[in-house]
Amino acid sequence: MHTLLVPLLATIPLSCATPVHHNPRDLGSAIHDAVTNIGNAIHSAASSAASAVPALVSESGNTLGILSSIPCTSAPVKNEAVWQEALSLDAAGPGKVNQMLYQQIACYQGMENSSHTAGFGNALSSASWIGRGLQGLHAYPAEFGRAQAGGGEEVVVQLSPTPQQTITSFGASGAWWPNFLKDFPPAQQKNLSNLLFSKDGLQLSGYRYNIGASGDHDNVTVSTPGRGAESFLATAGAYNWLRDGPGVYYLKAAQDAGVPSITFFANAIPSNLTSDNATATKTTPCGTTLREAQIPRYVQYLVNVLRHMLEWGIKVEYISPINEPDNSFDSCTQEGMRVPASLRGPLFQALRTALQASRTPGVRGVKILGDETSQITTQALKEYSTWLPTTLQQKNIDAIAAHMYDWPDDATLLNYRQLLVNTSHPSPPPPIKMTEISSFQSAKGAYKPWGWTGPKIMGAEFDPGMDSALDMARYVWQWLALVNAESWDWWTAVSNMMPCSPSVAPGCAALFNGGERQNGQAGWNDGLVYIDPQYKTTKDYGFYLTKRFWVFRHFTRFLRPGAVRYDVPNEVLPYGTVAVAGRNPDGVYSVIFVNRNATSQDVRMKLPGDGGKVTAGVQTTDKADWENIPLPVVTADGTFTMTLPARGVLSIQFTVQEAGARSSRRRRTTGGYEYQHEGDFLDDGERRDVFFEH
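Residues numbered from 1 in each chain as written. Predicted model: local features only at pLDDT ≥ 70, side-chain atom pairs only at ≥ 80, totals over all residues. Heavy atoms only, no water.

Quick look at the overall build of the chain
Broken down by element type, the chain carries 20 helices and 22 strands. In the chain, 76% of the contacts between residues at least 6 apart in sequence involve partners at least 24 apart. When the accessible surface of the chain is split by element, carbon and sulfur atoms take 50% of a total near 25,400 Å². (Helix = DSSP H or I, 4+ residues; strand = E, 2+ residues; numbered from the N terminus. Contact = heavy atoms within 4.5 Å. Areas by Shrake-Rupley, 256 points an atom, 1.4 Å probe, with all protein chains shown as cover.)

What follows is the structure, encoded as structure tokens:
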């Protein structure tokens, strides 16, 4: 058996079969069976790579000739060692089987690691099966243990000179967790605000406030404790602005901290309005479908909430009237409302009309985003044509927002971007926002070391470590580099879905749990920060930070609102690495490298100007949460060398001399203070016991 062929084919899912979650080297006879199923078809026509492709495609249940529509190159892509291995193996066997497989990977590598979408066009819809088939390969690269995943050659990274989108925010939502924090001591409530919003913590630049739908005397209530958000409209129909006190507390904390982008989003219409449903008289915040007759009252409710919040001094940038509209959440484990695609356009139109008719200037200035659909492949790509073209033409929406709960592959997201470009033509598409993701099983769990795609990866798991954090970092890269999104939001900032009590089992907050229930509760990867689920009994009011918190901090801290993104030509990066770069409003450049290899990678970077100086460097790894690194020195040719840590995220900040001016920047971040001070704070055990528990 060809040694390169085995790890490649052993992990390609055929006909949507469940992927094999084992190391290919240990599969034994199972490998032989898996390879034989498709190998026979390949070998029967393996006299050349071109003739073998149709056999592989046909076996996969796809149309013929797919590869011919993909902009590929027959030359190796930055892994000469593996290419030579393929040539050697094929020389000892029939045909060009290994060359063909390598070229498929090289072709997909060109798609995955390219930030340039030109030329892909409509070919992506037919090519996306390659992403599904190859993204989880163990042999991508062939061996993770290589000293340099790109084959050992020196890698020189240089930013593309063309500016891309302007970054507006990185954020998280205030959904649900304030209902638990109301029981915490006031000092800890304030500490959490600092942890989320201050420069000593995440310094979130976006915050999503959940407008609740639960009344005070509903016939049906949310069954999961804490997940019902109080509506300002009581069940009987009267407004009560004292409701949802915990949620408003943290909304005001975000405002007071200067969070620049605040979005109000609603999961459902207030329970009081559901009694309008002709088929039911119950009042419920879940399990309903929006009716056209309900739109005017619902829109007026949203406008009333906005007006009241603006009177309180809350500066609301966006209002989102629907959330995951394909799911009514009829199980009532949370609030939810189905909104037929045919009603989404009319809803946005009614909301725009109501905002413009308001007598409050601040209300008239609130922008609309939508439709916050759950999935790209099965929903956005299929449903946008129903409502989006007319909505854009009538200017009834200011930003397009989506979730990614199908964990789409790179080709699908490039296709999604192309759809938005085509739909908006001849105008450019409006701002694009990724507004929610969480609850995925990480690469450490049942799935491949390089992550996986598709809705099946959603499930119970508690992974506070780097595997989940690296998955998250790559999702950020996908949306910024492939979709050109201006913002990216994690789902919920704080969670109690930890499968243990750290007070009862010390250290368990840092341990992986594959979904096994402990004390009747399974863990979920839904938070950046966790609290003891048994805090009422244990009186443990600490905050437990995940590696996701620290990795997300690279983006929230180093790419501040107004940063202009520049492409990093990822084709020259080592396999398994991606990078996001931007120039902040103060002129400081930031580059965030994500290295998923088990080995460190040496990279040389060419600065985009003269007089360059590296001003800061921080890394997060398995062993370090937030570690300042020795600053590399820029040489006379305008380059410097750095080592990307194994299974880590490294952020570098630098300045260059502006044209016609001398650089006089101090060593600082866009937050305006020196890194060594920040490091001292985070390493201070006494303050960390109060503020950061990990």
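Still more to cover.
Quick word on the packing of helix H15 (residues 410-424) against helix H16 (residues 466-482)
At a minimum axis distance of 10 Å, the contact between H15 and H16 shows a crossing angle of 35 degrees. Of the two possible hands of crossing, H15 and H16 adopt the one that is right-handed. On H16, the residues touching Asp410, Leu413, Leu414, Tyr416 and Arg417 of H15 are Arg474, Trp477, Gln478, Trp479 and Leu482. Its residues placed into classes, the contact of H15 with H16 shows 6 nonpolar, 1 polar and 3 charged. (Axes fitted to C-alpha atoms, helices over the stretch in contact; angles between N-to-C directions. Left-handed = near helix turned anticlockwise from the far one by under 90°. Nonpolar A, V, L, I, M, F, W, Y, C, P; charged D, E, K, R; others polar.)

Here we look at the environment of Phe348
Tracing the sequence through the fold places Phe348 in helix H12 (residues 341-357). It is 8.3 Å that separates the C-alpha atoms of Phe348 and Gly370, two residues lying 22 residues apart in sequence. Apart from the residues lying within four places of it in its own chain, the contact partners of Phe348 are Pro321, Ile322, Ile368, Leu369, Gly370, Asp371, Trp387, Thr391, Asn396 and Ile397.

Concerning H15
Residues spaced three or four apart along an α-helix point in a common direction, a consequence of the helix completing one turn every 3.6 residues. Over its 15 residues, H15 extends 21 Å from the first C-alpha to the last, a length consistent with the 21 Å expected when each residue adds 1.5 Å. A large share of H15 lies buried, amounting to 11 of its 15 residues. Those residues of H15 lying buried are Asp410, Ala411, Thr412, Leu413, Leu414, Asn415, Tyr416, Arg417, Gln418, Leu420 and Ser424. (Expected span 1.5 Å × (residues − 1). Buried < 20%, exposed > 50% of the residue type's maximum accessible area, 1.4 Å probe, protein only.)

What to know about the pairing of strand E9 (residues 367-373)
Each regular strand carries side chains that alternate between the two faces of the sheet. Counting buried residues along E9, 6 of its 7 residues qualify, which places the element largely inside the surrounding structure. Sheet analysis places strand E7 (residues 318-320) next to E9, joined by 2 bridges and oriented parallel. Across the sheet, the residue bridging to Ile319 is Ile368, located in E9. Across 4 bridges, E9 lies against strand E10 (residues 399-403) in parallel orientation. Across the sheet, the residue bridging to Thr373 is Ala402, located in E10. In this view, the connection linking E9 to its parallel neighbour E10 by way of helix H14 (residues 376-393) has right-handed handedness. (Pairing = 2+ DSSP bridges. Right-handed = clockwise from strand over helix to strand, strands pointing away.)

Section: the packing of aromatic side chains
Each aromatic ring pair is characterised by the separation of its centres together with the angle its planes make. Inspection of every chain in the model, using the stated rule, returns 30 aromatic pairs. Here Phe170 and Phe552 contribute two aromatic rings whose centre-to-centre distance is 6.3 Å and whose plane-to-plane angle is 90 degrees, an arrangement assigned as edge-to-face. One end of the pair, Phe170, is in strand E3 (residues 169-173); the other, Phe552, is in helix H18 (residues 547-558), with 382 residues separating them in the sequence. Here Phe552 falls in the buried class, since its relative accessible area comes to 0%. Taken together, a centroid distance of 5.1 Å and an interplanar angle of 35 degrees make the contact between Phe232 and Trp241 tilted. Residue classification places Phe232 among the buried positions, given a relative accessible area of 0%. Ring-pair connections join several aromatic residues into one group, and the members of that group are Phe348, Tyr384, Trp387, Tyr416 and Trp479. When the ring centre of Phe265 is taken as reference, the NZ or CZ atom of Arg208 above it lies at 4.3 Å. In this structure, Lys252 packs its charged tip against the face of Trp312, placed 4.6 Å from the ring centre. (Phe/Tyr/Trp six-rings, centres within 6.5 Å; stacked < 30°, edge-to-face > 60°. Lys NZ or Arg CZ within 6 Å of the ring centre and 35° of its normal.)

Side note on the pattern of salt bridges
Evaluation of the coordinates by the stated rule reveals 15 salt bridges. A salt bridge links Arg647 to Asp467, with the shortest nitrogen-to-oxygen separation between them at 3.1 Å. Here Arg647 is found in the loop between strand E21 (639-644) and strand E22 (648-655), whereas its partner Asp467 is found in helix H16, with 180 residues between them in sequence. Of the residues examined, Asp467 reaches a relative accessible area of 14% and is grouped as buried. The network of salt bridges with shared partners includes Asp326, Arg344, Asp371 and Glu383. (Salt bridge = Lys/Arg side-chain N within 4 Å of Asp/Glu carboxyl O.)

Digging into unusual backbone geometry
Residue Gly370 is joined to Asp371 through a cis peptide bond whose omega torsion reads 5 degrees. Positionally, Asp371 belongs in strand E9. Along the chain, His425 connects to Pro426 via a cis peptide bond; the corresponding omega equals 10 degrees. By secondary structure assignment, the location of Pro426 is in the loop between H15 and strand E11 (432-436).

Some points on the nonpolar core
Core analysis: the biggest nonpolar cluster contains 120 residues, and Phe264, Ile319, Tyr416, Trp479 and Trp488 have the highest contact counts within it. The element that contributes the greatest number of residues to this core is H16, accounting for 12 residues. When residues no more than four places from it in sequence are discounted, the contact partners of Trp488 are Ser169, Phe170, Gly171, Met434, Ile437, Met472, Tyr475, Val476, Trp479, Leu480 and Phe552. Core analysis: the next-biggest nonpolar cluster, separate from the first, contains 23 residues, Leu573, Tyr589, Val614 and Leu650 among them. (Core = buried A, V, L, I, M, F, W, Y, C linked by side-chain atoms within 4.5 Å.)

A look at the sheet that holds strand E1 (residues 155-158)
Spatially, the 3 strands line up as an open sheet ordered E1-E18-E21, and their pairing is mixed. The strands lining the two open edges of the sheet, one partner per strand, are E1 and E21. Neighbour to neighbour, the strand axes of the sheet diverge by 35 degrees on average, direction disregarded. Taken together, the 6 bridges between strand E18 (residues 601-606) and E21 define a ladder with antiparallel strand orientation. In the strand pairing of E21, Val603 is matched with Met642.

Points about the side chain of Ser590
Along the chain, Ser590 falls in strand E17 (residues 589-595). Judged by its relative accessible area of 1%, Ser590 is buried. There is a polar contact of 2.8 Å between the side chain of Ser590 and the backbone oxygen of Phe558. With near-sequence residues (within four places) excluded, Ser590 lies in contact with Phe558, Leu559, Val580, Ala581, Gly582, Asn584, Ile652 and Gln653. (Polar contact = N/O pair within 3.5 Å; in protein donor to acceptor, adjacent residues only side chain to side chain.)

Notes on the packing of helix H11 (residues 295-311) against H12
Where H11 contacts H12, the two axes come as close as 9 Å, and the packing angle between them is 45 degrees. Considering their axes alone, H11 and H12 lie oblique with respect to each other. Relative to H12, H11 is oriented so that their crossing is right-handed. Here Ile295, Tyr298, Val299, Leu302, Val303 and Leu306 of H11 come into contact with H12, specifically with Leu343, Leu347, Ala350, Leu351, Ala354 and Leu355. (Parallel < 35°, antiparallel > 145°, perpendicular 65-115°, else oblique.)

Re the pairing of strand E5 (residues 261-266)
With 6 of its 6 residues buried, E5 lies for the most part within the structure. Residues Ser261, Thr263 and Phe265 point to one face of E5 and Ile262, Phe264 and Ala266 to the other, with burial holding for every one of them. The pairing of strand E4 (residues 206-211) with E5 spans 6 bridges and is parallel. Considered in E5, the bridge of Tyr207 is made with Ile262. Note on the crossover from E4 through helix H9 (residues 245-256) to E5: the handedness is right-handed. As judged from the 3 bridges shared by E5 and E7, these two strands associate in the parallel manner. Directly across from Phe264, in E7, lies its bridge partner Ile319.

Quick word on the sheet that holds strand E2 (residues 163-166)
The strands that make up a sheet are held in pairs by hydrogen bonds between backbone atoms, and each pair lies either parallel or antiparallel. If you walk across this open sheet you meet the 7 strands as E2-E15-E16-E17-E22-E19-E20, and the pairing is antiparallel. Strands with a single pairing partner mark the edges of an open sheet, and in this sheet they are E2 and strand E20 (627-628). Bridge analysis of E17 against E22 gives 7 bridges, and the strand direction is antiparallel. Along E22, the bridge assignment pairs Val591 with Ile652. Across the sheet, H16 touches E2, strand E15 (564-566), strand E16 (577-583), E17, strand E19 (613-620) and E22, and the angle it forms with E16 is around 55 degrees. Strands in contact with H18 are E16, E17, E19 and E22; relative to E19, the strand with the most contacts, it is inclined by about 160 degrees.

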